[in-house]
Amino acid sequence: MTEKHFMDGIGKWKDEIIAAGLLMAFAFFINRGIEIKGLYMDDLYLWSCYGEQTFGQFIFPMGSTRFRFLYYLAAWLELAVIGNHIGWFVPLNIILNGCIAYSVYRFGKRLSRSYLMGLGCGFLYLLSRMSYYQISQVYGLMESLALWAALGILYCLLRYVDEKGEGKKYLIRSCVLYFAVCFIHERYLALLPLIYLAILYKKGKKKAYWFLPAGVFAVVMAIRVLTTGGIAPAGTGGTNVAETFSVMTSIRYAIDQVLYIFGINAGPGHLSGASWTESPSWIHVQIIAADLVLLVLVILAVIRVIRDKEGRLKYLRDISLFLVFIALCIGASSVTIRVETRWIYVSMTAAYLLAAYLYGMITAKPEHGKVVDIKREARKAADKKAGRQSAVLCGGLFLVYIIIMFPVENYYRGQYPNLYFWADQQRYNSLAEETYEKYGDDIFGRKIYIIGNSYQMSDFTARTFFKEFDRDRKAEGTEVHFIDSIHDIGLITNNMLVLKEDPAHNAFQDVTDFVRNLKCEAVYGYYRDGWMDESAEVRVMTGTSGVIKLEIYYPGELTGSEISKISLNGEPVRDLVINQNTMKLEIEAEPNQIACLRFDNNFYLKDAGEQRGEKRFSMIVNFAAD
């Protein structure tokens, strides 16, 4: 290896490292503020299956409507790494999508033969508002892996069609990826025709090439029949595609997805963040301007196809592979009961790559054959100049598109709270913040009372939520109870926690201290750990019975002359002689009222190691009110 080759290699690796670093940094920047602190619904169920099932049961869920063993294997590995560090899910999702963006960059760079165009594709992938699910949910891993594998199929088929010779290895790789993606998400079963289209373009004469995809498909179907009992994919929201499919609805959904690719949120706000009609007028103007930029790029591509007779067939063939890939992905996402924006992400990414291909096609040097004539050099020079001009023009158009779409995508990212699941994720993030994040392992074994249940927390969530923070996955003794008001519970003890729903902010509030002080307020001389001075006054909120229960403990030696004079609301009720170290007493008061108890003790603990108030410690008193 010469020194020049060595230095060229170093330069290329430096460019790759810079590209990877820029994309990863942008991935973390653009997704800042997204957090998973607590799991719920599908994510929580997945976590519970991981904790309660064997490895085989988790990876191979026999009898389930979905058999995605490759995704479940990846999920098992992810859950094993994360353990009880729930906050790690989002950083891992971001890192994975940063890696996918690097793959998109490499793909776009190859198609366009331009480093900057490849970077543009990678940045657009990360910037897209359609990434919300892949970053903000545990199940986002499934969507990310499926998108990655699907793009891998497209890449291999383009290489297979364009490579000289048989290109056998790329066909085999595409079939392997097809098998894999079918067991990451069954939606991508629809990509089989794309493989056959590539074989048709390649004019494959060997029968093995035609039977290979069919064989893979047959194996996939056989596994599905054995594991799920059928071949029809399950629909979203627990539906069955065979039962809910409608031709007209699917056509409408397909049109919606095409509009999404051109920046128009055709779906409702709870699925897209903000629909087209809900978006401000400046967004409309920006998107129309961006689409006009794309139109100019397409027109330039059409002109190139018309003029370049030598490369026309190749261009049309490759473009059709892109379009059929996008169409199949759109079709597979249109047959269920709704269209979620996350399903369009793969089509959108393919559209970015198609733009990179058009750039590469427009700026490619035309072939003039091998005939030598006196004007050939002049034509080469002219073509070189035209190529530079085309590169500047097309690169400028793509840059303008990115500049226009950046504020648009950023705006729609700001509308994520309108998504149907976002509020629930915020609520359970808040629940984690107000409990485990605040108290740590001390949360385990407590009785957690939640005032109100407008969030409609399921019994499964109530039983399982706090287990995810426990290294042993048990959270033994931790109980969740829903109450209508603070009158439904007695005085607050150290093993209790009281939360209040805050629907205006999709949050929970820890009101334990407030309720504790309201239920048992120390006016003076009484402390939270139960110690009472020689004189003390306490306000206690009575329950439905009005009975206040006192448990008194004197840790010193009794002489028989220790007396505690007790008054209720200013009226003497008892001169209690402390003749035992531990005593119990009940005082009757009005139900559901604030009772003021005053204690005047003629004794104190001589061996007390501290003094907190003006008077000395006398005894330990615990209150209860039912």
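Everything that follows concerns the structure shown earlier in this document.
In this report, we go over the structure that sits alongside the text. Please read these numbers as outputs of a predicted model, since none were measured by experiment.

### Re the overall build of the protein chain
Within the protein chain one finds 22 helices and 12 strands. Relative to a compact globule of 626 residues, whose C-alpha radius of gyration would be 25 Å, the protein chain shows 34 Å and is clearly more extended. Structurally, the protein chain occupies a C-alpha span of about 125 × 55 × 50 Å along its principal axes. Of the roughly 30200 Å² that the protein chain leaves accessible, carbon and sulfur atoms contribute 59%. Charge separation in the protein chain, taken as the distance between the mean sites of 66 positive and 63 negative side-chain charges, equals 19 Å.

### Considering the sheet that holds strand β4 (residues 507-510)
Pairing within the open sheet is mixed, and its four strands lie in the order β2-β1-β3-β4. A single partner strand is all that each edge strand has here, and the edge strands are β2 (479-483) and β4. Averaged over all neighbouring strand pairs, the angle between strand axes comes to 30°, with direction disregarded. As judged from the five bridges shared by strand β1 (residues 447-451) and β2, these two strands associate in the parallel manner. Among the inter-strand pairings, isoleucine 448 is bridged to a residue of β2, identified as valine 480. Strand contacts of helix α19 (residues 422-434): β3 (496-502) and β4, with the helix running at about 20° to β4, the strand carrying the most contacts.

### Remarks on the packing of helix α8 (residues 140-162) against helix α16 (residues 312-332)
Viewed as axis vectors pointing N to C, α8 and α16 meet at an angle of 160°, and their least axial separation amounts to 11 Å. As summarised for this structure, α8 and α16 are arranged roughly antiparallel, according to the angle between their axes. Note that α8 runs across α16; the crossing there is right-handed. Between α8 and α16, the residues in contact are Ala150, Leu151, Leu154, Leu157, Leu158, Val161 and Asp162 and Lys314, Arg317, Asp318, Leu321, Phe322 and Phe325, respectively. Per-class residue counts for the contact of α8 with α16 are nine nonpolar, no polar and four charged.

### Remarks on the packing of aromatic side chains
Counted under the stated rule, the structure contains 41 aromatic pairs. Relative to tyrosine 345, the ring of tyrosine 125 has its centre 4.8 Å away and its plane inclined at 5°; by these criteria the two rings are stacked. Of this pair, tyrosine 125 sits in helix α6 (residues 115-127) while tyrosine 345 sits in helix α17 (residues 345-363), and the two are 220 residues apart along the sequence. Look at tyrosine 345 and you get buried, because its relative accessible area is 0%. Between tyrosine 428 and phenylalanine 465, the aromatic rings sit 5.7 Å apart at their centres with planes inclined by 45°, giving tilted as the arrangement. Of this pair, tyrosine 428 sits in helix α19 while phenylalanine 465 is found in the loop between α21 (459-464) and β2, placing the two residues 37 residues apart along the sequence. In textbook terms, an aromatic cluster arises when at least three aromatic residues are bridged by ring pairs, as seen for Tyr40, Tyr428, Tyr436, Phe444, Phe465, Phe466 and Phe469. Here the basic side chain of lysine 606 rests over the ring of tyrosine 604, its NZ or CZ set 5.3 Å away from the ring centre.

### Some details on the environment of lysine 37
Here lysine 37 is to be found in the loop between α1 (3-30) and α2 (41-52). A residue is classified by how much of its surface remains accessible, and lysine 37, at 18% relative accessible area, is buried. Each C-alpha atom of the pair lysine 37 and tryptophan 88 lies 8.7 Å from the other, and the pair is 51 residues apart in sequence. Each residue touching lysine 37, except ones within four places of it in the same chain, is listed here: Ile86, Gln425, Asn429, Ala432, Glu433, Glu437, Glu468 and Phe469. At a separation of 2.8 Å, a polar atom in the side chain of lysine 37 contacts the side chain of glutamate 433.

### What to know about the environment of glycine 237
Turning to its location among the elements, glycine 237 is positioned in the loop between α11 (207-228) and α12 (241-244). The class of glycine 237 is exposed, set by a relative accessible area of 62%. Residues glycine 237 and leucine 96 lie 141 residues apart in sequence; the distance between their C-alpha atoms is 26 Å.

### Details of the packing of helix α10 (residues 192-202) against α16
Close contact between α10 and α16 brings their axes to 10 Å; oriented N to C, the two are set at 165°. The orientation of α10 relative to α16 falls into the category roughly antiparallel. Considering the relative orientation of α10 and α16, their crossing is right-handed. Taking contact as the criterion, the partners of Pro193, Leu194, Leu197, Ala198 and Tyr201 in α10 are, on α16, Arg317, Ser320, Leu321, Val324, Phe325 and Leu328. Residues that form the contact of α10 with α16 fall into these classes: nine nonpolar, one polar and one charged.

### With respect to the side chain of glutamate 16
With respect to the helices and strands, the residue glutamate 16 is situated in helix α1. Among the polar contacts listed, one links the side chain of glutamate 16 to the side chain of tyrosine 102, at a separation of 2.6 Å. In terms of polar contacts, glutamate 16 uses its side chain to reach the side chain of lysine 109, at 2.8 Å.

### Description of a nonpolar patch on the surface
A cluster of nonpolar side chains, namely Phe245, Val247, Met248, Ile251, Ile255 and Leu259, defines an oily patch on the protein surface of about 570 Å² accessible area. Counting through the fold element by element, isoleucine 251 comes out in helix α13 (residues 247-261).

### Section: the pairing of strand β5 (residues 520-526)
In this structure, β5 lies alongside strand β6 (residues 531-541), joined through five bridges in antiparallel fashion. Note on β6: the bridge partner recorded for tyrosine 526 is methionine 532.

### Details of unusual backbone geometry
A positive phi angle, near 60°, is found at arginine 113, a position not held by glycine. Here arginine 113 is to be found in the loop between α5 (89-112) and α6. At arginine 473, a position not held by glycine, the phi torsion is positive, near 60°.

### Topic: the pattern of salt bridges
Inspection of every chain in the model, using the stated rule, returns 29 salt bridges. Between glutamate 35 and lysine 37 there is a salt bridge, with the nearest N and O atoms lying 3.9 Å from each other. One salt bridge in this structure joins glutamate 409 and arginine 129, with 3.1 Å as the shortest N-O distance. Of this pair, glutamate 409 sits in helix α18 (residues 376-413) while arginine 129 is found in the loop between α6 and α7 (132-136), placing the two residues 280 residues apart along the sequence. Across this residue pair, the class does not change: glutamate 409 and arginine 129 are buried. A network of salt bridges, in which partner residues are shared, links Glu143, Arg187, Arg338, Glu340 and Arg342.

### Considering helix α4 (residues 69-82)
Every α-helical turn comprises 3.6 residues, leaving residues that sit three or four positions apart pointing alike. A rise of 1.5 Å per residue sets the reference length of α4, with its 14 residues, at 20 Å; its end C-alpha atoms lie 20 Å apart and thus fit the reference within 8%. Buried residues of α4: Phe69, Tyr71, Tyr72, Ala75, Glu78, Leu79 and Ile82, and no others. Where α4 terminates, the next one or two residues include glycine 83, which has phi positive at roughly 60°.

The rules behind the values
- Residues numbered from 1 in each chain as written.
- Predicted model: local features only at pLDDT ≥ 70, side-chain atom pairs only at ≥ 80, totals over all residues.
- Heavy atoms only, no water.
- Helix = DSSP H or I, 4+ residues; strand = E, 2+ residues; numbered from the N terminus.
- Rg over C-alpha atoms; globule rule 2.2 N^0.38 Å.
- Areas by Shrake-Rupley, 256 points an atom, 1.4 Å probe, with all protein chains shown as cover.
- Lys, Arg positive; Asp, Glu negative; His and termini not counted.
- Charge placed at Lys NZ, Arg CZ, Asp CG, Glu CD.
- Pairing = 2+ DSSP bridges.
- Axes fitted to C-alpha atoms, helices over the stretch in contact; angles between N-to-C directions.
- Contact = heavy atoms within 4.5 Å.
- Parallel < 35°, antiparallel > 145°, perpendicular 65-115°, else oblique.
- Left-handed = near helix turned anticlockwise from the far one by under 90°.
- Nonpolar A, V, L, I, M, F, W, Y, C, P; charged D, E, K, R; others polar.
- Phe/Tyr/Trp six-rings, centres within 6.5 Å; stacked < 30°, edge-to-face > 60°.
- Buried < 20%, exposed > 50% of the residue type's maximum accessible area, 1.4 Å probe, protein only.
- Lys NZ or Arg CZ within 6 Å of the ring centre and 35° of its normal.
- Polar contact = N/O pair within 3.5 Å; in protein donor to acceptor, adjacent residues only side chain to side chain.
- Patch = residues over 30% accessible without salt bridge, like charges linked within 9 Å, V, L, I, M, F, W, Y side chains within 5 Å.
- Salt bridge = Lys/Arg side-chain N within 4 Å of Asp/Glu carboxyl O.
- Expected span 1.5 Å × (residues − 1).

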